[in-house]
Amino acid sequence: MSTLTLRRPDDWHLHLRDGAMLKAVLPETSRHFARAIIMPNLVPPVVTGAEAAAYRDRILAALPEGADFEPLMTLYLTEDTDPADVRAAHESGLIKAVKLYPAGATTNSASGVKDFDLVRGTLETMAEIGLPLCVHGEVTDPAVDIFDREKVFIDQVLAPLREATPGLRVVMEHITTRDGVAYVRAGGPDLAATITTHHLVINRNNLLVGGIRPHYYCLPVAKREIHRLALRSAATSGESCFFLGTDSAPHVDAAKETGCGCAGCFTATNTLSILAEVFEQEDALDRLEAFASLNGPGFYGLPPNEARITLQKGEPVDYPAKIESGDGPVTVFDPGFPLHWRVS
Ligand code: NCD
Ligand code: ZN
C-alpha cells in the first residue's frame, strides 16, 4: 500500500497554550486535524465557562487564514468549580469535557483537585448530562514511585471514583501502562482512553540511556518496553475505546534543556507521519482511521469528519527539527527512525 485515505483526524488531547506560543503551534495542528480537545492548563487555568469562551475566541483569532479547525473546549476542574456553570457551558455547546488534574500531577496543575469530596456535585452533574471527564491518571503522593503512579491512581482513585458516580463518562488521558490498557478494555461503554503518539514510540530507555533526553521527558513519563508494546497493540487494535490524543505539549527549548526541565513532547508537526509508520510496522494501516478519526468522535457523540486526507508513502519526509515561536524555538519530537508517509 502506498497511499492511504482517511477521514480527517481529530486530536482528543492537545495543548495550544496562549499568546505567541498559540500563534506558533496552532497551524501545526490545524494543517491536518479538523478538531481538537483543548487542554485548559493555562496560567491561570481555564476554569469557568466565560474563560473557556474567551480562550476559544483567542484560538479562533490565531487560526491561519482559511484553516478549517474547530477547538473543542474544556474546563479545568477545581474544588471551587460551580456545577451550574459547567451545566450551562455544556448546554450552550461551548465545552465538550471537563479536565481533572490531581493537584501537582503535571505542568500547571497547582489548582487541581486534592479532596475529591469537594468535586462530587460537579461529577454528579456531569454524569447526569453525559459530559465526559478527562482524567490525568497519576497519583501525586510523594511516597509513590513515578513509574507506578498510573497503576496506583487506577486502583486508589479512578476505580472508587467511577463506582461512586454511576454513569460518569471518563477518558483516561494519555495512558502509559498495560494496566491502563487492561482497565480501559474491561471498563464498558462509559470508559475510554487516549494514547499519545510519543508513547507508541519511546520507552524509558530512550529517555535515559546514553544521556538524558529532555525532549523525551513528558508526563506521564514513558515506562518500560512491555508497556509500550501494550499501548501499540491497543492503539492498532481498532477497539473503539482507544483513540488518539497527541498530548502535543510545547515548551521552549530553554525550559526543556535546563537543570529542571518541563514535561511535554511537541508532536503536532509530524504526528500523522509517525502514526502511519507505527501502524505500518504493526501491519495495521487499515486501522489507523479507527484510531485517529473514528473512535474519538464515537465516544464523544460527535459525527466523524466528512473531509478526507491522503497519506503517501515515498522517500523519507523532511520536517523541521524546531519551529520558531515568539517565545523561542520549540523542538519537534524526533521518533528516532525515518518517516516515509507524508500528508499530501
Ligand atoms: C503537559 C503540559 O506541558 O502542559 N505536559 C506533559 O508532559 N504531558 C501536561 C500534561 O498533559 O500532563
Ligand atoms: Zn496533556
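What you see is a predicted model, and the numbers here were worked out from it, not measured in a lab.

Considerations on the site of ligand 1
The local shell around ligand 1 holds 15 residues, among which R17, T106, L219, D247 and H251 are the closest. Contact between ligand 1 and H251: an oxygen atom at 2.8 Å from a side-chain N or O atom of the residue. Of the residues belonging to the shell around ligand 1, the class tally is four nonpolar, nine polar and two charged.

Section: helix α6 (residues 178–185)
When we look at burial in α6, the residues that qualify are G180, V181, Y183 and V184. Mapping the buried residues of α6 onto a view down its axis gives an arc of 165°, with all of them on the same face. On its buried face, α6 is in contact with α5 (149–164), β7 (170–172), β8 (191–195), α8 (225–235) and β9 (242–244).

A closer look at the environment of D82
On the secondary structure map, D82 appears in the loop between β4 (70–76) and α3 (83–91). For the pair D82 and A62, spaced 20 residues apart in the sequence, the C-alpha separation amounts to 29 Å.

Overview of the pattern of salt bridges
Opposite charge on two side chains lets them pair, provided their charged atoms get close. Scanning the entire structure with this criterion turns up 15 salt bridges. Across the pair E239 and R185 runs a salt bridge whose closest N-O atoms are separated by 2.8 Å. Placement of E239 in the loop between α8 and β9 and of R185 in helix α6 is noted, with a sequence separation of 54 residues between them. R232 is the partner of E282 in a salt bridge, and the nearest nitrogen-oxygen pair spans 2.7 Å. Of this pair, E282 sits in the loop between α10 (271–281) and α11 (288–300) while R232 sits in helix α8, placing them 50 residues apart in sequence. Judged by its relative accessible area of 33%, E282 is partly exposed. Overall, the relative accessible area of 5% leaves R232 in the buried class.

Thoughts on the nonpolar core
In this structure, I95 and L133 are the most contacted members of the largest nonpolar core, which totals 95 residues. Core analysis: the next-biggest nonpolar cluster, separate from the first, contains 15 residues, M39, L72, V171 and F243 among them.

A closer look at the packing of helix α1 (residues 19–30) against helix α2 (residues 49–62)
For the pair α1 and α2, the least separation of the axes is 9 Å and the interaxial angle reads 65°. Viewed along their axes, α1 and α2 form a crossing whose handedness is right-handed. When α1 is examined against α2, the residues L22, K23 and L26 are found in contact with a partner set consisting of R58, I59, A61 and A62. Classifying every residue of the contact of α1 with α2 by side-chain character gives five nonpolar, no polar and two charged.

Remarks on unusual backbone geometry
At the junction of V43 and P44, the peptide bond is cis and its omega measures out at -5° in the coordinates. Position of P44 relative to the elements: it lies in the loop between β3 (35–38) and α2. Along the chain, L219 connects to P220 via a cis peptide bond; the corresponding omega equals -10°. Its location among the elements puts P220 in the loop between α7 (204–208) and α8. Of note in this structure, R17 is not a glycine but carries a positive phi near 60°. Of note, R17 is situated in the loop between β2 (10–14) and α1. Overall, R17 belongs to the buried group, its relative accessible area being 13%. Despite not being glycine, D283 has its phi angle at roughly 55°, a positive value. Look at D283 and you get exposed, because its relative accessible area is 71%.

Cut-off values and rules
- Residues numbered from 1 in each chain as written.
- Chains lettered and ligands numbered in written order.
- Predicted model: local features only at pLDDT ≥ 70, side-chain atom pairs only at ≥ 80, totals over all residues.
- Heavy atoms only, no water.
- Near = heavy atom within 4 Å.
- Polar contact = N/O pair within 3.5 Å; in protein donor to acceptor, adjacent residues only side chain to side chain.
- Nonpolar A, V, L, I, M, F, W, Y, C, P; charged D, E, K, R; others polar.
- Buried < 20%, exposed > 50% of the residue type's maximum accessible area, 1.4 Å probe, protein only.
- Helix = DSSP H or I, 4+ residues; strand = E, 2+ residues; numbered from the N terminus.
- Arc of directions from axis to C-beta.
- Contact = heavy atoms within 4.5 Å.
- Salt bridge = Lys/Arg side-chain N within 4 Å of Asp/Glu carboxyl O.
- Core = buried A, V, L, I, M, F, W, Y, C linked by side-chain atoms within 4.5 Å.
- Axes fitted to C-alpha atoms, helices over the stretch in contact; angles between N-to-C directions.
- Left-handed = near helix turned anticlockwise from the far one by under 90°.

Any functional reading would require information that these geometric values do not contain.
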